[in-house]
Amino acid sequence: MTKSNTYKAGRHFLSVPGPTNIPDRVLQAMAFPAMDHRGPDFQNLSNNILKKIKLIFKSEDPVVIFPSAGTGAMEASLANTLNEGDKILMFETGHFATEWCQAARRYKLNVDFVPGDWRTGADPKIVEKKLREDKNHEIKAVLVTHNETSTGIKSQVEEVRKAIDSTNHPALFMVDTISSLGSYNYEHQKWKVDVTVGGSQKGLMSPPGLSFNAISPKALEAYKKSNLTKSYFDWGQMLENNKGGFYPYTPAVNLMYALNEAVDMLLEEGLENVFKRHKRHADATRIAVEAWGLEILAKNPIERSDSITAIMVPDGYDSDSLRKIIYDNYNMSLGTGLNKVKGKVFRIGHMGDLNDLTLAGTLSGVEMGLKQSGIPFKKGGVMAALDFLSK
Ligand SMILES: *Cc1c(COP(=O)(O)O)cnc(C)c1O
C-alpha cells in the first residue's frame, strides 16, 4: 500500500475481477518460513497440492504449476504443443483472447482470429463450419477463453467441444479458465480439453503469481512433436521433477502454502456450493444493473459470466471518471474497461471470497457513485439486489 497523508478508515473494497480478496486463512498460511524446496516437507506439501488441484480442474490429468502470472501458462499452452506456422482457431471475445492471440502470433503461429464485437462468446457453429471445411486438418488447435474477464462473457466450452466432436476433427482444444476456475463449473476431463490454463489470483482466492496447465494425454503426444522454443515453461522437465513432488527450479514456496489452504477452503465449502454462491451473486448483480436501467455488455443472457459483470455507461459518459469518484469517495476499486471498451464499461468482480454483505457493499458503492457522477440511472438497484438475496 502506498503511503498517503490521509488515513482511510475501514477496509479497502477490492471489487475488481482479480486479484480477488484473499481470505485471512490464506494470508495466515503464507506467514510461515520458507522451506527447503528439495527436502521432505516440501515434497509432502507439493504432492498434496498436485493431487488436490486436480479436483478443481475436475480431471485426472496432470496439472503443472508455474511460478508466474497467468500469462505464463497461456504462453506455455502454445509453446509446448504447437509447431512454427501451425494454423490455430481463436475468437475475439475481448482483451484476454486478444492477448493470447498476440502471444501465438509472436510464436509465428498462423492464427485465424474470428473477429468479434466484444459482446458475444466463441460461436460453436463457426467452430463446426471451419473445422468441417478444413479437410486437410491444417487447423491444429481451437482456443477459447472460457470467461472473458474484460467483457464478462462466458463462452460455451461444452458446446464448442460438441462442435469439434461432430466433425471428427483432430485439433487440440485449449481453454483459458483463469477467471472461471473455482467460480463456476468447468470440466477439463469430461469436456475433453487438452490444455486448460489457470491462474491463482481469481476464483482460487490466492495471491497472484501461480499459473496452471492441465495436460491431456493427447496434449502430451503433441508436446513430443512440438518444435516451438521453450525453456522455463517446458512441460517435460516440470513433469519429470513433479513425479517426485519436486520442481526444476525454486517453486514459489509461500504461494504454495497459500494455494494449499485456498484449495482446502474450496473443498470444505464444496465446489458445487461455491458455484451456487457465485451464480447467486451474479444474479443479484444483474438484477441491480437492470434496476439501474444500465446495460450489461454481454448481449446473450446465456453468455453472462457468473464471476464478473461488465456494465456499460451511456454514450457521452466516461466509466473511468465513475471509477475515480467511487475510489476517492468510497475507497473501492472496480475493474476498468480494457482496450476497445476503455471508458465505456466498468467491471464488478464477484468472484472468490465474498458473501451477500460483501456484494451488497460493492453494489452500494456503485449506486452512490452513479448518483454523484451525473450518469442518468434509476435508483433502487441495491434494494432490488437485497430483495433477491433475502428471499
Ligand atoms: C486475469 C486473466 C489473464 C491474465 O492473467 P495474468 O495473471 O494477469 O497474467 C488471462 N486470461 C484471463 C481470462 C484472465 O482473467
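The structure under discussion appears in the preceding block.
Residues numbered from 1 in each chain as written. Predicted model: local features only at pLDDT ≥ 70, side-chain atom pairs only at ≥ 80, totals over all residues. Heavy atoms only, no water.

*Asks:* I'd love a proper account of the sheet that holds strand S11 (residues 295–296), names of residues and values included.
*Replies:* Strand order in this open sheet of 3 strands is S11-S12-S14, and the pairing throughout is antiparallel. The two strands at the open ends of the sheet, each matched to only one other strand, are S11 and strand S14 (345–349). Where strand S12 (residues 308–312) meets S14, 5 bridges bridge the pair, whose relative direction is antiparallel. Counterpart to isoleucine 311 in the pairing with S14 is phenylalanine 346. (Pairing = 2+ DSSP bridges. Helix = DSSP H or I, 4+ residues; strand = E, 2+ residues; numbered from the N terminus.)

*Asks:* Tell me what's going on with the sheet that holds strand S4 (residues 110–114), and back it up with residues and numbers.
*Replies:* The strand order across the open sheet formed by 7 strands is S2-S10-S9-S8-S5-S3-S4, and the pairing between neighbours is mixed. Of all strands in the sheet, those with a lone pairing partner are strand S2 (63–66) and S4, marking the two edges. Each strand of the sheet is rotated relative to its neighbour by a mean of 20°, with strand direction disregarded. Note: strand S3 (residues 87–91) against strand S5 (residues 139–145), 4 bridges, orientation parallel. (Axes fitted to C-alpha atoms, helices over the stretch in contact; angles between N-to-C directions.)

*Asks:* Give a description of the pattern of salt bridges that names residues and reports values.
*Replies:* Where charged atoms from two side chains of opposite charge approach closely, those side chains can pair. Applying the stated criterion across every chain yields a total of 26 salt bridges. When the shortest N-O distance is used, the salt bridge between glutamate 268 and arginine 25 registers 2.9 Å. With a gap of 243 residues between them, glutamate 268 in helix H9 (residues 253–269) and arginine 25 in helix H1 (residues 24–30) connect regions that are remote in the sequence. Between aspartate 283 and arginine 286 there is a salt bridge, with its nearest N and O atoms 2.9 Å apart. One end of the pair, aspartate 283, and the other, arginine 286, are both in helix H10 (residues 271–292), 3 residues apart, so they sit about a helical turn from each other. The exposure class assigned to arginine 286 is buried, which follows from its relative accessible area of 15%. Within the structure, one salt-bridge network assembled from shared partners comprises Lys154, Lys279, Asp283, Arg286 and Asp306. (Salt bridge = Lys/Arg side-chain N within 4 Å of Asp/Glu carboxyl O. Buried < 20%, exposed > 50% of the residue type's maximum accessible area, 1.4 Å probe, protein only.)

*Asks:* Go over the packing of aromatic side chains, please, and point to the residues and values.
*Replies:* Aromatic ring pairs: the centre-centre distance and the angle between the two ring planes describe each pair. Summed over all chains, the structure comprises 8 aromatic pairs. Ring centres of tyrosine 232 and tyrosine 249 lie 4.5 Å apart, and the angle between their planes is 10°; on these two criteria the pair is classed as stacked. Within this pair, whereas tyrosine 232 is found in the loop between helix H7 (217–225) and helix H8 (235–242), its partner tyrosine 249 is found in the loop between H8 and H9, the two being separated by 17 residues in sequence. With a relative accessible area of 37%, tyrosine 232 lands in the partly exposed category. On the basis of relative accessible area, tyrosine 249 is assigned to the buried category, the value being 16%. Sitting over the face of the ring of tyrosine 184, lysine 154 holds its NZ or CZ atom 5.0 Å from the ring centroid. The side chain of lysine 202 reaches across the aromatic face of phenylalanine 96, ending 5.3 Å from its centre. (Phe/Tyr/Trp six-rings, centres within 6.5 Å; stacked < 30°, edge-to-face > 60°. Lys NZ or Arg CZ within 6 Å of the ring centre and 35° of its normal.)

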